[in-house]
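Descriptive analysis of the structure
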Amino acid sequence: MEALLTFIHENLLLIYLLAFSILLGIEVISKVPAVLHTPLMSGANAIHGVVLVGAVIVLFNAPADDYFSLGLGFVAVIFGTLNVVGGFAVTDRMLEMFKKKKK
Amino acid sequence: MLTTHLLDVLYFIAALSFVIGLKMLSHPDSARRGNILAAIGMGLAVLGTLFFHPSASNDVVEDDRMLKLMLLYSALAIGGFIGWRAAYKVKMTSMPQMVSLFNGLGGGCAALLAVAEMKLQYAGVHGHPEAAGLILVLFTLFFGSVSLTGSLLAFAKLEDLVKDSAITLPRHTIFNLGLLAIILGLIGYTTWGAGDAGMTWGLILFGVALVYGFSFVAPIGGADMPVVISVLNSCTGLTAAAAGIIYDNLIMLVGGILVGASGSILTVLMCKAMNRSLANVLIGSFGGGGTSAAAGGGDQTIREISLTDTAVLLNYSSSVVIVPGYGLAVAQAQKICKELDSLLEANGVDVKYAIHPVAGRMPGHMNVLMAEADVPYTKLFDLEEANDALKKADVAIIIGANDVVNPAALDDPGSPIYGMPVLEVWESKTVIVMKRSMKAGYAGIENPLFFHAKTKMLFGDAKDTLQKLVAEVKAL
């Protein structure tokens, strides 16, 4: 109990951030028309590609003679970039379709 | 020092762009700008990390620094190039597979970075791993791996590369629960029991998690893949968030949590559109049965209709409702369908489209496909509006759709899709079903609609038949 309270106290801002981010994530898309489910999922898919930032950090952190870690980081960055670039591009292509008929 | 402060500002702007971008993505008018906004934010976050992150100045030796930068830039270039090409080359019909593939790669990225991070921790670069830090790494490793193999299998299923039955074991649910228990055990043992041997156990966990991702998706029917992709999507989001905690990186944390939370809501919304619970989708395997449906009686006959009769019927009705399905999209017949629509409109026929929420392979997929063929937004009716319109329609013409017009969903409690809202096409005066053959739909269920008294069948490839139909209407 003591430890838990200490943990909460030490990470208070982080916990606030977590809670509000969750609520925000739910709130932001709670009333979305079915038409947009696919583009929205695709857009969210691109956003979690932010894990790419982590892959970049891992590559920076790996010792320069540790080829195993460097290799992992290298492939991770490729995967992450694919996720980000492909995700946003595919979403844009879908949404382009909605744009056309508005003219 | 100042550069890290600048990075904080960039991350903050990126986080705002994610939130506002997601918000804009949920309205048709602003969706495209929202996506671009989020993409710009992402660009800032990644570039900022490349130039300003403290770890970028880790290496004092110039050669080491250059080596890493070279690796980074080439990885970014390779990933960016392939991702861009793939996104622009893929056909609109294959969009859901593509989303699944990109999602899997995001998961793979997280899993690999977790392995590398684990190795760094055991090598003592940041000191010997502490339980709290290690468990986050293992969590990232687990969810990232599941997302990777799960998404790849979902991709394969949507591409029709694998048969559901070929990869489903008897008592598959129990097998999966067993695997899950092993995984939890491995996480616990690696963190608290294994000591310095933890790296090996972590790698074993990696392997088991990869198998679990595959096995988790294996028994779920192809028709439910959109829900699975959505679940795995939020799963990858949580992974990114966990990785954000490891590196004390706020943009990863916020981005990941946002996707995790909005992805969960999206999953629930999709399940609602199909009137099923998430548990039912994930555990109750779907599409194997159809045992009771259409089992009764041998007096079931089908009535065929000729092209000329169809043309006359369509041309002289006052209102026609088109129900497009995946078959239409696969045959790439949207444009010719639109041509038929224009011809009929020119002859004073009122043409509408009825779009079921799960038509195509994903909610909203069909809207995208019809929009691609320049069908105006205002002619696309959603489920409730369409059912009202169908009551007044002279002809309902179903092109390559099946499960979404199956009356068994309303009146046969034994049917696997019982309870799913469907388009009540039989309310119109005549129903024309355009279909390649009598084969069951994607969910593998018999459709009593084909034997309905009002139904007439027009067999053939959707594109080919529509082309002939257009010619017939023109000749009238």
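Residues numbered from 1 in each chain as written. Chains lettered and ligands numbered in written order. Predicted model: local features only at pLDDT ≥ 70, side-chain atom pairs only at ≥ 80, totals over all residues. Heavy atoms only, no water.

**Description of the domain arrangement of chain B**
As far as domains go, chain B holds domain 1 (99-286) and domain 2 (307-475). Each of domain 1 of chain B and domain 2 of chain B has a C-alpha centre, and these two points are 38 Å apart. (Domains from an automatic or database assignment.)

**Focus: the packing of helix α4 (residues 95-122) of chain B against helix α7 (residues 198-217) of chain B**
Residue and element names in this part refer to chain B. Contact pair α4 / α7: the axes reach a minimum separation of 10 Å and the direction vectors enclose 170 degrees. With respect to each other, α4 and α7 are oriented roughly antiparallel. Between α4, through Ala111, Val115, Met118, Lys119 and Tyr122, and α7, the contact on the second element is made entirely by Gly198, Met199, Gly202, Leu203 and Phe206. Looking at the contact of α4 with α7 residue by residue, the class counts come to seven nonpolar, two polar and one charged. (Axes fitted to C-alpha atoms, helices over the stretch in contact; angles between N-to-C directions. Helix = DSSP H or I, 4+ residues; strand = E, 2+ residues; numbered from the N terminus. Parallel < 35°, antiparallel > 145°, perpendicular 65-115°, else oblique. Contact = heavy atoms within 4.5 Å. Nonpolar A, V, L, I, M, F, W, Y, C, P; charged D, E, K, R; others polar.)

**A short note on unusual backbone geometry**
All names here are of chain B. With a phi close to 55 degrees, aspartate 248 is a non-glycine residue in the positive phi region. By the secondary structure assignment, aspartate 248 is in the loop between α8 (225-246) and α9 (250-273). In this model, aspartate 374 sits at a positive phi of 65 degrees, which is unusual for a non-glycine residue. On the basis of relative accessible area, aspartate 374 is assigned to the partly exposed category, the value being 40%. (Buried < 20%, exposed > 50% of the residue type's maximum accessible area, 1.4 Å probe, protein only.)

**Things to note about the nonpolar core**
All names here are of chain B. Among the nonpolar cores identified, the biggest contains 181 residues, and Val425 and Leu466 are the most heavily contacted of them. Looking at this core element by element, the count peaks at 15 residues for α4. Ignoring sequence-local partners within four residues, the contact set of leucine 466 consists of Leu328, Ala333, Ile336, Cys337, Leu340, Ile399 and Met434. (Core = buried A, V, L, I, M, F, W, Y, C linked by side-chain atoms within 4.5 Å.)

**Some remarks on the environment of arginine 93 of chain A**
Following the sequence through the fold, arginine 93 of chain A ends up in helix α5 (residues 67-100). It is 9.3 Å that separates the C-alpha atoms of arginine 93 of chain A and proline 39 of chain A, two residues lying 54 residues apart in sequence. Each residue touching arginine 93 of chain A, except ones within four places of it in the same chain, is listed here: Ala87, Tyr88, Lys89, Val90 and Met92 of chain B.

**A few points about a negative patch on the surface**
Together, Asp382, Glu384, Glu385 and Asp388 of chain B line one region of the surface with negative charge. A relative accessible area of 43% places aspartate 382 of chain B in the partly exposed class. (Patch = residues over 30% accessible without salt bridge, like charges linked within 9 Å, V, L, I, M, F, W, Y side chains within 5 Å. Areas by Shrake-Rupley, 256 points an atom, 1.4 Å probe, with all protein chains shown as cover. Salt bridge = Lys/Arg side-chain N within 4 Å of Asp/Glu carboxyl O. Lys, Arg positive; Asp, Glu negative; His and termini not counted. Charge placed at Lys NZ, Arg CZ, Asp CG, Glu CD.)

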